[in-house]
Amino acid sequence: MPTPLEMQRTFALVGTGGCGKTSLAEMLLFNAGAVTRMGAIEDGTTSLDYEPEEVRRRGSVQPACAAYLWNKNRHFLLDIPGDGNFTGDMECLLKGVDSVLFVLDAVDGVRPLSKKFWSMVRAENLPAMIVINKLDRDRADFHMAFDGLAALGVKPVALQVPIRRGETFVGVVDVLTGKARMFAENGGSSEAEIPADLTDDVSLLRDVTVENIAESDEVLMEKYLEEGSLSLEDLQFGLRKGVLSGELTPVMVCSALENKGGKAVLDAVEALLPSPLERPAFVDAAGAERAPDPDGPVACFVFKTLADPFAGQLSILRVLSGTINGDATLRNMRSEDTERLGSLLYLVGKNQTPCKEPVGPGAIVAVAKLKNTRTGDTLCDEKAPFALPMPELPPQLITYALAPKEKGEEDKVYAAIQRLLDEDITLKLGRDEENGDILLSGMGQLHIELSVEKAKRRFKIDIVLKTPKVPYRETVRGKCQVQGRHKKQSGGRGQFGDCWIEMEGLPRGSGYVFEDAIVGGVIPRQYIPAIDKGVQEAAARGFLAGCQVVDFRVKVYDGSYHTVDSSEMAFKVAGSLAFKKAMESLKPVLLEPIVLLTVSIPDESMGDVIGDLSSRRGKVLGSDSQAGITEIKAHVPMSEVLRYAPDLRSMTGGQGFFTMEFDHYEEAPQPVAEKVIAEHQAAKAAE
């Protein structure tokens, strides 16, 4: 029997790393009967963190899905990792859900990264509920975490207040009903009196909560002003309406580790969050709308691809509209291929259950062995085309060079990493045209390290990770005129090319300019491009440190040729020789890449972080502080921040995060230039 769509819920768990999202998911699944025992992160036994890398580091590396029944209604949850290394695809994942459970840690409260994640949830217009977790911890502070919500710019509605005896979390007070419940050993609870020391607190919070709910609806506001109070039914109606519009954000409390508060969260998800039928229509790139109608034409969005030891790949898709079953044949709007879905699967982590009934909007199901479908694709009814636009992914922050342990296995390494790109769209693979290195770019050092670890494990290949070369550049100042003459006679036809060039430095960012100023045919037209090519190839090899020469102009203005011995090759060599002579006389300088670094940190870490940036030769451009979180912008040499992530983590107790993007090139200081040149010469000598 299909679940009535009005009662179906599809939501994501979002929050920073370490706030207990996976433990919360485990508690919800256990209370709903989807798993028979509660696993623990410490033991590596949770149902949603099952990859060996996740078990070893005790934290989520990839998103995980779970379907469960609550009050006989089908719900779907998506656990999104909270470490900045693994959240590059969060916008894509949020396209797969209708609402969010936003998880905070009762010890740390709102972190800088929480603010970033919250803005992403808001940008997707997803109704949300906040769960303050870890109330069993020694320094847990509900009021600190609740008051900190001001930093997110939300109108929080406290639905529960925790009851703590000493450092133990023993129960909750339901703010709307004014009733207390004390936790029992078996995961249940019993009604009790509100502790005397909480009476004033609860009364004050209830007044604020009732006012906030009343303000979100005109009819309720009038009633409240006339009668001075609202019935429980009025409050529940107003609260749900405010949640759906995004005006109100309910706040619940729990201890996932101790299985306290799980049933109340499950009830609140069902009572307050939207069904798939209540979400706005989806919009394609051209602005056409598609309503989440079970009787409409079929459209499904593939928001994640996961590896499967048996099926090879699982495409995780969310039904946007229409109703599908296992024999559906749909069109992939990107590849224009036809895909037959085969068996639909419900997931609880890595465990798969065949989906026996047709599923409609909001359902999250897995499909194995689609032939040409990847993350971000829309599959739809051929007669009613619709494609959900793929969100723009953030730029990769760090690049490493990869090499095989055994020489000659470069292609195997490239192929192994290529396979990972199917499931992790935030990785980028390329080759360094200057030295042939295989380059892997990602969202942080840990992201790259774990991706390489995964490739080694799955494809049985030894990969060595090397810090990549910083893309230094060389340039020239001033102007000079030189001759490049190439003459070779060694039996048979000789080689002759002769050119005079004027070379001068250009302002930063101008690039390379070639000017043909030959008059009177002293060099035939067909040989001019060869001189240009010779200069460009020599510039790519560099002069000081093997780095590309940039921002200069070459004007070829004179020369001579031989009717028999001249050729394109001879003039190419002449151009290259002229370039080298010019470099010798122009005293070239080394340029280093400067990045724009944006760091978000707690206010109290500001001094340490600014001092550290100065020690890295950084120039702070400005800072902005709001609600306890400071954002600093700085220009810093790229070479100084290749391994910035672990240092920032230790300076801010894991609470800081950063983004960086290339900004410009600047002349490198003498000591830096000397070091880079010496390293290049040593590497050359070793070859």
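Look above for the structure.
Quick caveat: nothing in here was measured; it's all calculated off a predicted structure. (Residues numbered from 1 in each chain as written. Predicted model: local features only at pLDDT ≥ 70, side-chain atom pairs only at ≥ 80, totals over all residues. Heavy atoms only, no water.)

1. Re unusual backbone geometry
Then comes step 1: Even without being glycine, asparagine 259 reaches a positive phi, approximately 55 degrees.
Then comes step 2: Here asparagine 259 shows up in the loop between β11 (249–253) and α9 (262–272).
Then comes step 3: Residue class for asparagine 259 comes out buried when judged on its relative accessible area of 13%.
Then comes step 4: Despite not being glycine, lysine 587 has its phi angle at roughly 50 degrees, a positive value.
Then comes step 5: Here lysine 587 shows up in the loop between α13 (568–586) and β31 (589–602). (Helix = DSSP H or I, 4+ residues; strand = E, 2+ residues; numbered from the N terminus. Buried < 20%, exposed > 50% of the residue type's maximum accessible area, 1.4 Å probe, protein only.)

2. Digging into the nonpolar core
Then comes step 1: With 87 residues, the main nonpolar core has Val14, Leu94, Phe102 and Ile324 as its most contacted residues.
Then comes step 2: In terms of residues, this core owes the most to one element, strand β14 (residues 299–308), which gives six residues.
Then comes step 3: Look past the residues within four positions of isoleucine 324 in its chain and what remains in contact with it is Val298, Cys300, Leu317, Val319, Leu341, Leu344, Pro358, Val359 and Val365.
Then comes step 4: Met129, Leu159, Leu266 and Ala268 belong to the second-largest nonpolar core, a separate cluster that totals 43 residues. (Core = buried A, V, L, I, M, F, W, Y, C linked by side-chain atoms within 4.5 Å. Contact = heavy atoms within 4.5 Å.)

3. Looking at the sheet that holds strand β27 (residues 479–488)
Then comes step 1: On the basis of which strands lie adjacent, the open sheet formed by four strands has the order β27-β28-β30-β29 and mixed pairing. The open sheet terminates on both sides in strands that have one partner only, identified here as β27 and β29 (512–516). Across the sheet, the axes of successive neighbouring strands diverge by a mean angle of 25 degrees, strand direction being ignored.
Then comes step 2: Relative to strand β30 (residues 552–560), β29 runs parallel, the two sharing five bridges. Along β30, the bridge assignment pairs valine 513 with arginine 553.
Then comes step 3: Against the sheet, helix α12 (residues 528–541) makes contact with β28 (495–505), β29 and β30, and its axis sits at roughly 155 degrees relative to β29, the strand it touches most. (Pairing = 2+ DSSP bridges. Axes fitted to C-alpha atoms, helices over the stretch in contact; angles between N-to-C directions.)

4. Observations concerning the packing of helix α6 (residues 199–215) against helix α7 (residues 218–227)
Then comes step 1: Two elements in contact, α6 and α7, have axes separated by 7 Å at closest approach and are oriented at 130 degrees. Our classification of the angle between α6 and α7 gives oblique. Touching Val210, Glu211, Ile213, Ala214 and Glu215 of α6 are Leu220, Met221 and Tyr224, all from α7.
Then comes step 2: Looking at the contact of α6 with α7 residue by residue, the classes come out as six nonpolar, no polar and two charged. (Parallel < 35°, antiparallel > 145°, perpendicular 65-115°, else oblique. Nonpolar A, V, L, I, M, F, W, Y, C, P; charged D, E, K, R; others polar.)

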